[in-house]
Amino acid sequence: MCGITGFISLTKDYSINDLRFVLSGMAGSLYHRGPDDGGIWEDESAGVGLGHRRLSIIDLSPDGRQPMVSRCGRYVIIYNGEVYNYRELRRELEQKGHIFRGHSDTEVILAAIAEWGLNKAVRRFIGMFAFATWDRGEKILYLVRDRLGIKPLYYGTAGHVFLFASELKALKKYPAFRNDINRNALALYLRFNYIPAPYTIYRGIYKLPPGSILTFRLGNGVVEPEINRYWSAEEVAEAGVGRSLSCSDSEAVELLDDLLRKAVRARMVSDVPLGAFLSGGVDSSSVVALMQVQSDRPVKTFTIGFHESAYNEAEDAKAVARHLGTDHTEFYVSPQEAMDVIPLLPTLYDEPFSDSSQIPTYLVSKLARQHVTVCLSGDGGDELFGGYNRYFWGWSIWRKTGWMPGGLKKAAALGLTALSPRLWESLFHKLGPVLPEKNKQRNPGYKLHKLAEVLAAGSPEAMYYGLVSHWKNPTGVVIGSTEPPTVVTDRSRWADLQDFTQRMMYLDLVTYLPNDILTKVDRASMGVSLEARVPLLDHRVVEFAWRVPLSMKIRNGQSKWLLRQVLYKYVPKELIERPKMGFGIPIDDWLRGPLRDWAEDLLSEERLKREGYLRPEPIRKLWKEHLSGKRNWQYHLWDVLMFEAWLDNNKK
């Protein structure tokens, strides 16, 4: 795992020393992504510079150093990620006469590009990657991002220079970079709690979409690059549903078991210590179980716990670890230790990002990095196998209430929100002894307020949009903004799927997963120089999952049915069967307590007016309601606080 950066200057007003100085600064900003080694490469005549930071995982020798030039001399590459089938590709390339000096997957990527061409080679790679390749013969720069967007890649222009990097902080090191804030992207951020691709917080800077190849041809006088898809989630979803699996339940379980075993085994190849995150939930437990059954020694697993029971998964994880016989490490985090992470967040994420599980994700990464350099993660299971509550109870409620007049539904919604989440939770706690087990929920107050949003929606599409939105009218908060189109709002970019639950799963796969979940994991793990691998997002697993009928994903009101059946082969059902929790922290209470002064400063009316980005009135209203305990506006307020903290850091 590494950090990459570089540029092409379209003018000739530079020297070789200029190129090297700028490149060194850009690459140096990515030191955390690659503390083991670094290098730069420049072509003064073309104005091309490539910079790299290396976290050594495969082939720790100098033969794996980057930037790397192909044996034929035509291609130069800087690469971030892992191609897990590199050994098979290497054997095939050796049969075609290719000679290798080392044992890295980087060298295999170069040889594959030289042998088959970039487009055909990329389609054969199984893994997670973001890389840049300079074709010295054709004077073309290619930027490539993996199919699901596991690894990040940013690009844009600064004057007459085309820039790219793994993180925005490297682009900001270029002397001509302009940090003009994109107010339209800021509005999207307040809606989703992340800025969706291709937008970023800066005007003129973009995220390369997953499954894409960007082509920049030098010398044609055009600054705008060409972007093409080599893998399409839309096509995969449509094709999968169109040729749905036709087999028994037991056959489907065996097919998935075999596929996941192979995906996990491929990601266990490493020349450095390796482990796994374990929450005790279905996804991470499945990954760990399949690691342990294929390992001749106890797998190292890592969990963090909280003393607040509503947020603590450590006991569940410990039970799974004990059953599987892993070498388990847990660490209980105090509120102060969690809050100490907050000042790091603006630098970690480089742009506003407000999924508050960023804090425990960073903490568990930091814990794991004390013992290993690579960790496997269970991310992706919810989107592929039907794990989110909105996939079953939201749609079920809509079908049962769709006939109701709009006024009646709105009245019911108002009734649910008349009590604050805290009061609902107090009521559920008192009724706990007499409630049926199926009605016992974690965070019931928050879920009832979400239910109110479902009831108030005028259509299934409006229901989904409401559920994934934080601020419902962000342009009313962000001064001078207009919300640009996104995949969620542009139906022409939706997969052609008849079932609305499948449409929700598709939208989450192409929006929430890469822009929130994978961004969170990449920055948190790479912030401590830890490589995170996600076997459930092997593209072959993704393609298989879309062939799985919905009835095998959601059955009898239970999520991830098929994945659970695989897991139950290794872990007793009673260790897994419990309400879905999520990976969170008690931000709501902290904002009323130890974080109150910090938040008050960032949310002050004077400050907001002075900065001129956000209207104070709606923000102050929510802040007062939250402090009073009348409502829980933790997510809306955390959106604003993370922007304000980022803005404060960005001025330095």
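Residues numbered from 1 in each chain as written. Predicted model: local features only at pLDDT ≥ 70, side-chain atom pairs only at ≥ 80, totals over all residues. Heavy atoms only, no water.

Quick notes on the packing of aromatic side chains
Now for step 1: If you walk through the whole model with that rule in mind, you get 16 aromatic pairs.
Now for step 2: The interplanar angle of 45° and the centroid separation of 6.0 Å between the aromatic rings of phenylalanine 129 and phenylalanine 131 together place this pair among those described as tilted.
Now for step 3: For the ring pair phenylalanine 192 and tyrosine 194, a centre distance of 5.6 Å and an interplane angle of 20° mean the geometry is stacked.
Now for step 4: Members of the aromatic cluster, joined through ring pairs, are Phe177, Tyr202, Tyr613, Phe643 and Trp646.
Now for step 5: The lysine or arginine in question, arginine 124, covers the ring of tryptophan 116, its NZ or CZ lying 4.2 Å from the ring centre. (Phe/Tyr/Trp six-rings, centres within 6.5 Å; stacked < 30°, edge-to-face > 60°. Lys NZ or Arg CZ within 6 Å of the ring centre and 35° of its normal.)

Considering the nonpolar core
Now for step 1: Ranked by size, the top nonpolar core spans 194 residues in total, and within it Phe125, Phe131 and Leu614 carry the most contacts.
Now for step 2: Looking at this core element by element, the count peaks at 11 residues for helix H20 (residues 500–526). (Core = buried A, V, L, I, M, F, W, Y, C linked by side-chain atoms within 4.5 Å. Buried < 20%, exposed > 50% of the residue type's maximum accessible area, 1.4 Å probe, protein only. Helix = DSSP H or I, 4+ residues; strand = E, 2+ residues; numbered from the N terminus.)

Looking at the side chain of serine 559
Now for step 1: When you line up the elements, serine 559 lands in the loop between helix H21 (539–545) and helix H22 (561–567).
Now for step 2: Every residue in contact with serine 559, bar those within four places of it in the chain, is listed here: Gly386, Gly387, Phe392, Lys553 and Arg564. (Contact = heavy atoms within 4.5 Å.)

Topic: the pattern of salt bridges
Now for step 1: Scanning the entire structure with this criterion turns up 45 salt bridges.
Now for step 2: Close ionic contact of lysine 262 with aspartate 258 constitutes a salt bridge, the shortest N to O distance being 3.3 Å. With a gap of 4 residues between them, lysine 262 and aspartate 258 both fall in helix H8 (residues 249–266), about one helical turn apart.
Now for step 3: What makes aspartate 258 partly exposed here is its relative accessible area of 39%.
Now for step 4: Measuring nitrogen to oxygen at the nearest pair gives 3.7 Å for the salt bridge that ties aspartate 589 to arginine 592. Of the two residues, aspartate 589 and arginine 592 are both situated in helix H23 (residues 587–592); the distance of 3 residues between them amounts to about one turn of the helix.
Now for step 5: Among the residues examined, aspartate 589 registers a relative accessible area of 40% and is labelled partly exposed. (Salt bridge = Lys/Arg side-chain N within 4 Å of Asp/Glu carboxyl O.)

Observations regarding the environment of isoleucine 227
Now for step 1: Checked against the element boundaries, isoleucine 227 lands in strand E12 (residues 226–229).
Now for step 2: Taking the C-alpha atoms as reference, isoleucine 227 lies 9.7 Å from tyrosine 142; in sequence the two are 85 residues apart.
Now for step 3: Apart from the residues within four sequence positions on either side, isoleucine 227 is in contact with Tyr155, Leu208, Ser212, Ile213 and Leu214.

Some words on helix H13 (residues 358–369)
Now for step 1: The first and last C-alpha atoms of H13 sit 16 Å apart over 12 residues, in line with the 16 Å expected at 1.5 Å per residue.
Now for step 2: Of all 12 residues in H13, 10 are buried, a share of seventy percent or more.
Now for step 3: Every buried residue of H13 is listed here: Gln358, Ile359, Pro360, Thr361, Tyr362, Leu363, Val364, Ser365, Leu367 and Ala368. (Expected span 1.5 Å × (residues − 1).)

A look at the sheet that holds strand E3 (residues 48–54)
Now for step 1: As summarised here, the arrangement of the 6 strands in space is E2-E3-E1-E9-E8-E10, forming an open sheet in which the pairing is antiparallel. Bordering the open sheet on either side are strand E2 (37–43) and strand E10 (205–207), each of which pairs with just one other strand. Direction aside, neighbouring strands of the sheet carry axes that sit 10° apart on average.
Now for step 2: The pairing of strand E8 (residues 154–158) with strand E9 (residues 161–165) spans 5 bridges and is antiparallel. Bridged to alanine 158 within E9 is valine 161. (Pairing = 2+ DSSP bridges. Axes fitted to C-alpha atoms, helices over the stretch in contact; angles between N-to-C directions.)

Considering the pairing of strand E13 (residues 274–277)
Now for step 1: Note that E13 and strand E16 (residues 374–376) share 3 bridges and pair parallel. By the bridge assignment, alanine 276 is partnered in E16 with leucine 376.
Now for step 2: Of the crossover connections in this fold, the one passing from E13 over helix H9 (residues 282–292) to the parallel strand E14 (residues 300–306) is right-handed. (Right-handed = clockwise from strand over helix to strand, strands pointing away.)

Focus on the packing of H8 against H9
Now for step 1: Contact geometry of H8 with H9 gives a least axis separation of 9 Å together with a crossing angle of 75°. As judged from the angle between their axes, H8 and H9 are roughly perpendicular. Residue-level inspection shows Asp257, Leu260, Arg261 and Val264 of H8 in contact with H9, the latter providing Val287, Leu290 and Met291. (Parallel < 35°, antiparallel > 145°, perpendicular 65-115°, else oblique.)

Looking at the side chain of threonine 200
Now for step 1: Looking at where threonine 200 falls in the secondary structure, it is placed in the loop between helix H6 (183–192) and E10.
Now for step 2: A relative accessible area of 0% means that threonine 200 is categorised as buried.
Now for step 3: A polar contact of 2.8 Å, which involves the side chain of threonine 200, links it to the backbone oxygen of isoleucine 205.
Now for step 4: When near neighbours in sequence (up to four residues on either side) are disregarded, threonine 200 contacts Tyr154, Asn182, Ala185, Ile195, Ile205, Tyr206, Lys207 and Glu351. (Polar contact = N/O pair within 3.5 Å; in protein donor to acceptor, adjacent residues only side chain to side chain.)

Concerning the pairing of E14
Now for step 1: E14 sits mainly inside the fold: 6 of its 7 residues count as buried.
Now for step 2: With 3 bridges connecting them, E13 and E14 associate as parallel partners. Each residue of the ladder has a partner; that of phenylalanine 277, found in E14, is phenylalanine 302.
Now for step 3: As judged from the 7 bridges shared by E14 and strand E15 (residues 327–333), these two strands associate in the parallel manner. Bridge assignment links glycine 305 to a residue of E15, and that residue is tyrosine 332.

A short note on the environment of aspartate 499
Now for step 1: Along the chain, aspartate 499 falls in the loop between helix H19 (460–467) and H20.
Now for step 2: With 258 residues separating them in the primary sequence, aspartate 499 and valine 241 have C-alpha atoms 10.0 Å apart.
Now for step 3: Looking at aspartate 499, its side chain comes within polar contact range of the main-chain nitrogen of threonine 501, at 2.8 Å.

A closer look at the environment of asparagine 17
Now for step 1: Within the secondary structure, asparagine 17 is located in helix H1 (residues 16–28).
Now for step 2: For asparagine 17, a relative accessible area of 55% translates into the label exposed.
Now for step 3: On a C-alpha basis, the gap between asparagine 17 and glutamine 558 in space is 62 Å, while along the polypeptide they are 541 residues apart.

Geometric descriptors of this kind do not, in isolation, establish any biological role.
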